[in-house]
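Coordinates in review
What follows is the residue order along each chain.
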Amino acid sequence: MKQIQLNSPEFNRVLKNLQFENLSLTPTLQKKVLEIVNSGIQISPTISKEVLNNGKVQ
């Protein structure tokens, strides 16, 4: 799978969709999101909470 970067069209599309919902991600949270997506780990609510609480995927 292709690695997604901060300036990739795919990630920019996600950020724009969040703006439509009046949501945004801080630059720090954007990097954490990319780390998860690029790690190949299946994203779940548990993984999302772990990253928000601990700052990284265990």
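Residues numbered from 1 in each chain as written. Predicted model: local features only at pLDDT ≥ 70, side-chain atom pairs only at ≥ 80, totals over all residues. Heavy atoms only, no water.

**A closer look at the overall build of the chain**
Keep this limit in mind: We count a stretch as a helix when DSSP gives it H or I for four or more residues in a row; a strand needs E for two or more, and each element gets its number in order from the N terminus. Radius of gyration here uses only the C-alpha atoms, and the compact-globule reference equals 2.2 Å multiplied by the residue count raised to the power 0.38. Buried residues are those whose accessible area, probed at 1.4 Å on protein chains only, stays under 20% of the maximum for their type, while exposed residues exceed 50% and partly exposed ones sit between those limits. Surface accessibility in these figures is a Shrake-Rupley result with a 1.4 Å probe; residues are shielded only by whichever protein chains are displayed. The positive count covers Lys and Arg only, the negative count covers Asp and Glu only, and His and the chain ends enter neither. Charge positions come from single atoms, namely NZ of Lys, CZ of Arg, CG of Asp or CD of Glu.
For the chain, the helix and strand inventory stands at 3 helices and 0 strands. Along the chain, helices and strands appear, N-terminal first, in the series α-α-α. Relative to the compact-globule value of 10 Å for 58 residues, the chain shows a C-alpha radius of gyration of 11 Å, a close match. Dimensions of the chain along its principal axes, counting C-alpha atoms only, are 30 × 25 × 20 Å. Residue burial in the chain is summarised as follows: out of 58 residues, 17% are buried. Entry remark: accessible area of the chain is about 4,600 Å², with carbon and sulfur atoms responsible for 54%. Taking the average place of the 7 positive charges on the side chains of the chain and the average place of its 4 negative ones, the gap between the two points comes to 4 Å.

**Overview of the pattern of salt bridges**
If charged atoms from side chains of opposite charge come close, those side chains can pair. For clarity, the cut-off: For salt bridges, the criterion is a side-chain nitrogen of Lys or Arg within 4 Å of an Asp or Glu carboxyl oxygen.
As enumerated under the stated definition, the model contains 1 salt bridge in all. With a shortest N-O distance of 3.0 Å, K2 and E10 are connected by a salt bridge.

**What about the confidence of the model for the chain?**
Put simply, the test is: As a per-residue measure, pLDDT reflects the predictor's confidence and takes values from 0 up to 100.
Averaged over the chain, the pLDDT score is 85; the fraction of residues at 70 or greater is 91%. Taking the mean pLDDT of every element in the chain, the minimum, 80, falls on helix α3 (residues 45-54) and the maximum, 91, on helix α1 (residues 9-20).

**Some remarks on α3**
Let me state the cut-off plainly: Arc, as used here, means the arc of the directions from the helix axis to the C-beta atoms. A contact between two residues is defined here by any heavy atoms of the two lying within 4.5 Å.
Of all the residues in α3, the buried ones are I47, E50 and V51. Across the axial projection of α3, the buried residues extend over an arc of 95°, all falling on one side. Of the exposed residues in α3, those oriented more than 90 degrees away from the buried face are P45, T46, K49, L52 and N53. Buried residues in α3 make contact with α2 (27-39).

**Describing α2**
It helps to recall that an α-helix has 3.6 residues per turn; residues three or four apart then point in one direction. In plain terms, the rule: Expected span of a helix: the number of residues minus one, times 1.5 Å.
Between its terminal C-alpha atoms α2 stretches 18 Å, which fits the 18 Å expected from 13 residues at 1.5 Å a residue. All of the buried residues along α2 are Q30, L34 and I36. Considered in projection along α2, the buried side chains sweep an arc of 160° and stay on one side of the axis. Turned more than 90 degrees off the buried face of α2, the exposed positions are T28 and K31. Where the residues of α2 are buried, they touch α1 and α3.

**A closer look at unusual backbone geometry**
At N22, a position not held by glycine, the phi torsion is positive, near 60°. In this fold, N22 is placed in the loop between α1 and α2. Exposure remark for N22: the relative accessible area of 73% places this residue in the exposed category.

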